[in-house]
Amino acid sequence: MKIIPCPSSPLLARRVAEASRLEVGNAVFRRFPDGELYVRVQEKEGVVVGSINSNDDLIALIFALDVLDKAKAVVPYMGYARQDKAFQEGEAVSIKILAEILESKAEEVITVNIHSREAASHFKNLINLDAMSLIGEHFAEKDVVMISPDKGSLERVKTAAKYAACEWDYMEKKRIDATTVEITPKSIDVEGKDVVIVDDIISTGGTVAEAAKILYSLGAKSVSAACVHAVLADNAAIKLFNVGIKDIIATDTIECAFSRISVAELIAGSI
Ligand code: R5P
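Residues numbered from 1 in each chain as written. Predicted model: local features only at pLDDT ≥ 70, side-chain atom pairs only at ≥ 80, totals over all residues. Heavy atoms only, no water.

1. Here's the deal with the site of the ligand
So, step 1. In the region of the ligand, 16 residues are neighbours, and Asp 199, Asp 200, Ser 203, Thr 204 and Thr 207 sit closest.
So, step 2. Thr 207 has a polar side-chain atom sitting 2.5 Å from an oxygen atom of the ligand.
So, step 3. Calculation on the ligand without its partners gives an accessible area of 380 Å², and the protein chains cover 90% of this total.
So, step 4. Here the shell around the ligand takes four residues from strand β12 (residues 194-202), the largest share from any one element. (Near = heavy atom within 4 Å. Polar contact = N/O pair within 3.5 Å; in protein donor to acceptor, adjacent residues only side chain to side chain. Areas by Shrake-Rupley, 256 points an atom, 1.4 Å probe, with all protein chains shown as cover. Helix = DSSP H or I, 4+ residues; strand = E, 2+ residues; numbered from the N terminus.)

Pasting the structure below:
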């Protein structure tokens, strides 16, 4: 079996190949003049590595999987997972549809920190890896306090804090709409401390920005943000720096300038 890198995860795929001592296979991804995607994979078996952070990413991944006789899908960032149920009547449950497609084309689907248990439940047999220990290890030598911006990320921050051997706490969040969140201040002891907000995804940055404002108002010395998936939509990084976020640390599930932690070994251990 060879590793087939999709255009969304070229570096991570190489790192996975290195860590798993597998060769990188022959694959071509091009675009026709009208914008449609062209995919050619000259292998019979393969582990296709590609995050889904856009519709093009999704198409490239499905096409590559379809060509192979025997395929595993490694989807480091599983986009479309936040629509994990019909919140209103008539809504498409995006991740359910994705799960059906991926599982019809791959004998195994591997991902990292899928958004929710509900999202994972739409797969028959998903391997959902947890990168929170890696985030924790990154801060192991640093004197920080880790904060979850909502109760939903409580277990994640606990794991990260265990590996960082640091204190942790959480805040209460209410989502108003896709881009607005309201965070209720809690009395947490962050005065004079270097705080790291830990979350699975930073998308619009609204959650982290609101949490950072509160943490600074409570006397935090500095506030950084750490996440697994740096979606950073809609100039989110600028939004975060504008509220005083000192640093953004992410994994390479979405390859970007903030990818400072690699999930390659974690993935290699599961294929
Ligand atoms: C929510 O449940 C997640 O853990 C993240 O807090 C959320 O996806 C972040 O989104 P945004 O950056 O748009 O506030």
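2. Quick notes on the sheet that holds strand β4 (residues 45-49)
So, step 1. Reading across from one edge, β1-β4-β5-β6-β7 is the order of the five strands in this open sheet, with parallel pairing throughout. With partners counted over all chains shown, the strands left at the sheet margins are β1 (2-5) and β7 (126-129), one partner each. When the angles between neighbouring strand axes are averaged without regard to direction, this sheet yields 20 degrees.
So, step 2. Pairing geometry for strand β5 (residues 70-75) and strand β6 (residues 108-112), over four bridges, is parallel. If you follow Ala 73 over to β6, its bridge partner there is Val 109.
So, step 3. With respect to the sheet, helix α1 (residues 10-20) is in contact with β1 and β4, its orientation differing from that of β1 by roughly 170 degrees.
So, step 4. Sitting on the sheet, helix α2 (residues 55-67) is in contact with β4 and β5, with an inclination near 160 degrees to β5. (Pairing = 2+ DSSP bridges. Axes fitted to C-alpha atoms, helices over the stretch in contact; angles between N-to-C directions. Contact = heavy atoms within 4.5 Å.)

3. With respect to the nonpolar core
So, step 1. In this structure, Ile 135, Phe 139, Met 146 and Ile 267 are the most contacted members of the largest nonpolar core, which totals 32 residues.
So, step 2. Among the nonpolar cores identified, the runner-up in size contains 28 residues, and Ile 183, Ile 188, Leu 240 and Phe 258 belong to it. (Core = buried A, V, L, I, M, F, W, Y, C linked by side-chain atoms within 4.5 Å. Buried < 20%, exposed > 50% of the residue type's maximum accessible area, 1.4 Å probe, protein only.)

4. Details of the packing of α2 against helix α3 (residues 94-105)
So, step 1. Between α2 and α3, the shortest axis-to-axis distance is 9 Å and the interhelical angle comes to 25 degrees. If you check the angle between α2 and α3, you find them roughly parallel. Every pair of crossing elements has a handedness; the one defined by α2 and α3 is left-handed. Contacts between α2 and α3 involve Leu 58, Leu 61, Ile 62, Leu 65 and Asp 66 from the first element and Leu 98, Ile 101, Leu 102 and Lys 105 from the second. (Parallel < 35°, antiparallel > 145°, perpendicular 65-115°, else oblique. Left-handed = near helix turned anticlockwise from the far one by under 90°.)

5. Some details on the state of the cysteines
So, step 1. Considering all chains together, one arrives at zero disulfides under this definition.
So, step 2. With no disulfide of its own, Cys 166 has Cys 227 as its nearest cysteine by sulfur position, at a separation of 16 Å.
So, step 3. Not part of a disulfide, Cys 256 finds its nearest cysteine sulfur in Cys 227, a span of 7.6 Å.
So, step 4. By relative accessible area, which is 28% here, Cys 256 ends up partly exposed. (Disulfide = S-S within 2.5 Å.)

6. Some points on the pairing of strand β8 (residues 144-148)
So, step 1. Within β8, five of the five residues are buried, leaving the element largely enclosed by the surrounding structure.
So, step 2. Sheet topology note: the β8/β12 ladder contains four bridges and is parallel. Across the sheet, the residue bridging to Val 144 is Asp 194, located in β12.
So, step 3. The β-α-β motif built from β8, the intervening helix α6 (residues 154-164) and the parallel element strand β9 (residues 167-170) has right-handed crossover chirality. (Right-handed = clockwise from strand over helix to strand, strands pointing away.)

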